[in-house]
Amino acid sequence: MQNPEQHLADELERRINGTQNSEHELGELAGIAQGLKNLPRPEANAHAKENCTKQLLEHSPNVVRWYKNKQILAWAAAIFLMFTIAGGGAVSASRDSMPGEVLYPVKRLYEDAQMILTVSPSGKAERYLIISERRLKEFMASMNLGVIQPEVLSSMLEANRRAISLAGDIPDSKRELIFAEISSLCSLQGTTLSQCCLMPEDTALVRAAIAECLSCQNCVPVH
Amino acid sequence: MNGHWSQSLDQAKAAEYCQLYYEAVYRYIAYRIPSKEDSEDLASDVFLRALKSNCDTPVSALGWLYKIAENLIIDFYRKRGTRQRIIQDRDEDELPDAPVTHFDPDLKMDLTAALGSLSGEHYQVVIMRFIEGYSIEEVAAAIGKSEGATKALQFRALTKLRGILREEQHAKS
């Protein structure tokens with residue numbers, strides 16, 4: 001059913017169009033409409049119109065900034081999301097990857113990125129210790145499969161060295177704690193590596209690593 | 001009123017629409033801006049702004065130009081720190097109810113002033129319908145509403161105009 005206002009609006013339209021006699025209230029509105037039709041029209045200056053047209057033609061090309069183009073923004077957002085989701089998934093999946101696996105480089109890259117984002121010396125030292133511990137696990141896992149990974153071992157030792165180097169720059173309150181962590185980790189690494197059954201050709205490499213770990217085990221804060 | 005602008009408006013197309021719609025846009029502005037020079041400047045700004053902007057969906061060219069003009073008029077009064085005489089939200093009950101009797105040519109100034117007091121869609125409908133002479137169907141297409149809604153808008157706009165005229169008549173008497 002038509003509402004009263006719509007009915008009046010339709011009625012008015014009929015009266016404006018002259019299909020019904022105007023009377024009373026609607027007649028008044030139709031009269032106003034007629035008055036509007038008879039109003040004098042403001043005349044635009046022809047010169048102003050030509051000037052406007054000229055201005056438009058001389059206007060410098062409409063350079064659409066990429067950030068104002070919704071289509072480009074939509075694509076950029078989609079690509080960003082795709083990379084974020086795919087990247088996040090790859091990082092997550094690479095967490096347990098082992099040397100030689102497809103996702104292992106992703107894991108190492110993620111570690112590098114985390115290291116760059118860590119600012120404080122103590123934070124960096126702790127992160128090196130985490131990496132070093134991770135390398136030990138990877139080395140042992142490879143060993144159990146009969147594969148020696150010299151690069152993983154040297155990476156572990158390098159992480160230890162960097163942690164020790166950074167520990168010297170850490171304020172007193174935290175320095176001893178970091179050194180204690182280094183000692184503990186080196187001790188664990190030395191012990192774990194000592195228990196390996198090695199092939200004769202690999203023995204020298206691992207022995208050198210054990211020796212370095214055991215020397216680190218006794219490292220002390222430098223005052 | 002068949003012009004439709006798509007996403008990218010090139011200069012030639014803008015100039016073509018300027019030739020087609022400049023007068024209509026100027027009239028839309030002129031009833032509400034007293035100065036002829038200001039009205040001309042604003043009318044030019046409407047086309048320049050249309051050229052610079054990106055419009056995603058095709059819309060009625062004149063309807064879109066009117067919307068730009070409406071915004072420019074609001075900006076114009078805002079910058080000047082003066083308020084436009086807008087009576088759009090006035091309660092109908094507050095208006096005097098004596099019948100409006102002055103539509104003779106001598107009193108056209110009253111109607112012109114009252115028309116300038118409208119704003120937004122009411123003004124747009126009145127201008128398109130009674131000044132530019134478009135049909136209800138064409139106005140509905142331009143403002144993106146149904147014919148029924150457009151008729152209702154027209155009804156409310158005229159009722160508002162009547163209220164303004166009654167008030168002026170009342171003040172004079």
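The structure this text deals with has already been given above.
For the structure given in this document, a descriptive report is provided here. (Residues numbered from 1 in each chain as written. Chains lettered and ligands numbered in written order. Predicted model: local features only at pLDDT ≥ 70, side-chain atom pairs only at ≥ 80, totals over all residues. Heavy atoms only, no water.)

## Here we look at the overall build of chain B
The helix and strand tally for chain B stands at 7 helices and 2 strands. If you list the helices and strands of chain B from N to C, you get β-α-α-β-α-α-α-α-α. Sorting the 173 residues of chain B into buried and exposed places 55% on the buried side. Intrachain contacts of chain B at a sequence separation of at least 6 include 71% that bridge at least 24 residues. Accessible area of chain B: about 7900 Å², with a carbon and sulfur share of 49%. (Helix = DSSP H or I, 4+ residues; strand = E, 2+ residues; numbered from the N terminus. Buried < 20%, exposed > 50% of the residue type's maximum accessible area, 1.4 Å probe, protein only. Contact = heavy atoms within 4.5 Å. Areas by Shrake-Rupley, 256 points an atom, 1.4 Å probe, with all protein chains shown as cover.)

## As for the packing of helix H1 (residues 4–16) of chain A against helix H7 (residues 147–172) of chain B
Put simply, H1 of chain A and H7 of chain B touch, their axes get as near as 8 Å, and they point 80 degrees apart. When the axes of H1 of chain A and H7 of chain B are compared, the pair comes out roughly perpendicular. In contact with Glu5, Gln6, Leu8, Ala9, Asp10, Leu12, Glu13 and Ile16 of chain A of H1 of chain A, H7 of chain B contributes Gly148, Ala149, Lys151, Ala152, Gln154, Phe155, Arg156 and Leu158 of chain B. Residues that form the contact of H1 of chain A with H7 of chain B fall into these classes: 8 nonpolar, 3 polar and 5 charged. (Axes fitted to C-alpha atoms, helices over the stretch in contact; angles between N-to-C directions. Parallel < 35°, antiparallel > 145°, perpendicular 65-115°, else oblique. Nonpolar A, V, L, I, M, F, W, Y, C, P; charged D, E, K, R; others polar.)

## Quick look at helix H3 (residues 46–58) of chain A
Residues spaced three or four apart along an α-helix face the same direction, because each turn holds 3.6 residues. Relative to the 18 Å expected for 13 residues at 1.5 Å per residue, H3 of chain A spans 18 Å between its end C-alpha atoms, a close match to the ideal helical length. The complete set of buried residues in H3 of chain A reads Ala48, Lys49, Cys52, Thr53 and Leu56 of chain A. Angular distribution of buried residues about the axis of H3 of chain A spans 140 degrees; they occupy a single face of the element. Facing away from the buried side of H3 of chain A by more than 90 degrees, the exposed set consists of Ala46, His47 and Glu58 of chain A. Buried positions along H3 of chain A lie against helix H1 (11–30) and helix H2 (36–52) of chain B. With a side-chain oxygen positioned 2.9 Å from the backbone nitrogen of His47 of chain A, the residue opening H3 of chain A is Asn45 of chain A. (Expected span 1.5 Å × (residues − 1). Arc of directions from axis to C-beta. Polar contact = N/O pair within 3.5 Å; in protein donor to acceptor, adjacent residues only side chain to side chain.)

## Some thoughts on the nonpolar core
Within the largest apolar cluster, 67 residues are counted, with the highest numbers of intra-cluster contacts made by Leu36 of chain A together with Tyr22, Val25, Ile29, Phe47, Leu115 and Leu158 of chain B. Leave out the neighbours within four places in its chain, and Leu36 of chain A touches Arg41 of chain A together with Leu111, Leu115, Val126, Phe130, Ile131, Leu158 and Leu161 of chain B. (Core = buried A, V, L, I, M, F, W, Y, C linked by side-chain atoms within 4.5 Å.)

## Side note on the packing of aromatic side chains
Residue and element names in this part refer to chain B. Applying the stated rule across the entire model yields 5 aromatic pairs over all chains. Geometrically, the ring pair formed by Tyr28 and Tyr66 is stacked, given 4.3 Å between the ring centres and 20 degrees between the ring planes. In this pair, Tyr28 is assigned in helix H1 and Tyr66 in helix H3 (residues 61–80), connecting sequence segments 38 residues apart. You'll find Tyr28 and Tyr66 in the same group, each marked buried. Plain terms: the ring middles of Phe76 and Tyr77 are 5.3 Å apart, the flat faces sit at 90 degrees to each other, and that makes the pair edge-to-face. We note that Phe76, like Tyr77, is buried. Each residue in the set Tyr28, Tyr66 and Tyr123 is aromatic and connected to the rest through ring pairs, giving one cluster. Across from the ring centre of Tyr123, 4.4 Å away, lies the NZ or CZ of Arg32, which sits over that ring. (Phe/Tyr/Trp six-rings, centres within 6.5 Å; stacked < 30°, edge-to-face > 60°. Lys NZ or Arg CZ within 6 Å of the ring centre and 35° of its normal.)

## Examining the layout of surface pockets
Residue and element names in this part refer to chain A. The space that makes up the second largest pocket amounts to roughly 190 Å³. Within the residue set of the lining of the second largest pocket, elements represented by two or more residues are helix H5 (104–117), helix H6 (121–144) and helix H7 (150–167). Of the residues contributing to the lining of the second largest pocket, the split by class is 4 nonpolar, 1 polar and 6 charged. (1 Å grid on protein atoms, 1.4 Å probe; cavity = no way out; pocket = protein on both sides within 12 Å on 5 of 7 lines; lining within 4 Å. Points joined across faces, edges and corners; volume = space filled by probe spheres on them.)

## Looking at the environment of Arg129 of chain B
Among the structural elements, Arg129 of chain B can be located in helix H5 (residues 120–131). Classification of Arg129 of chain B as buried rests on a relative accessible area of 7%. Along the backbone, Arg129 of chain B and Val139 of chain B are 10 residues apart, and their C-alpha atoms lie at a distance of 6.9 Å. Other than its neighbours up to four places away in sequence, Arg129 of chain B contacts Glu13, Ile16 and Asn17 of chain A together with Tyr134, Ser135, Ile136, Val139 and Gln154 of chain B.

## Observations regarding the interface of chain B and chain A
Across the contact, 48 residues belong to chain B and 42 residues belong to chain A. A combined buried area of about 4000 Å² lies between chain B and chain A, and 62% of that area is made up of carbon and sulfur atoms. The tally of links from chain B across to chain A stands at 5 salt bridges. Across the pair Glu28 of chain A and Arg166 of chain B runs a salt bridge, and its minimum N-O distance is 3.1 Å. Taken together, chain B and chain A are joined by 15 residue pairs in polar contact (both at pLDDT 80 or more). Elements with a minimum of two residues in the side of chain B that touches chain A: H1, H2, helix H4 (108–117), H5 and H7 of chain B. Tallying contributions element by element places H7 of chain B first for the side of chain B that touches chain A, with 13 residues. Each residue belonging to the side of chain B that touches chain A can be placed in one class, and the counts come to 27 nonpolar, 9 polar and 12 charged. (Buried area = accessible area lost by both parts, 1.4 Å probe. Salt bridge = Lys/Arg side-chain N within 4 Å of Asp/Glu carboxyl O.)

By themselves, these figures tell us nothing about what the structure is for.
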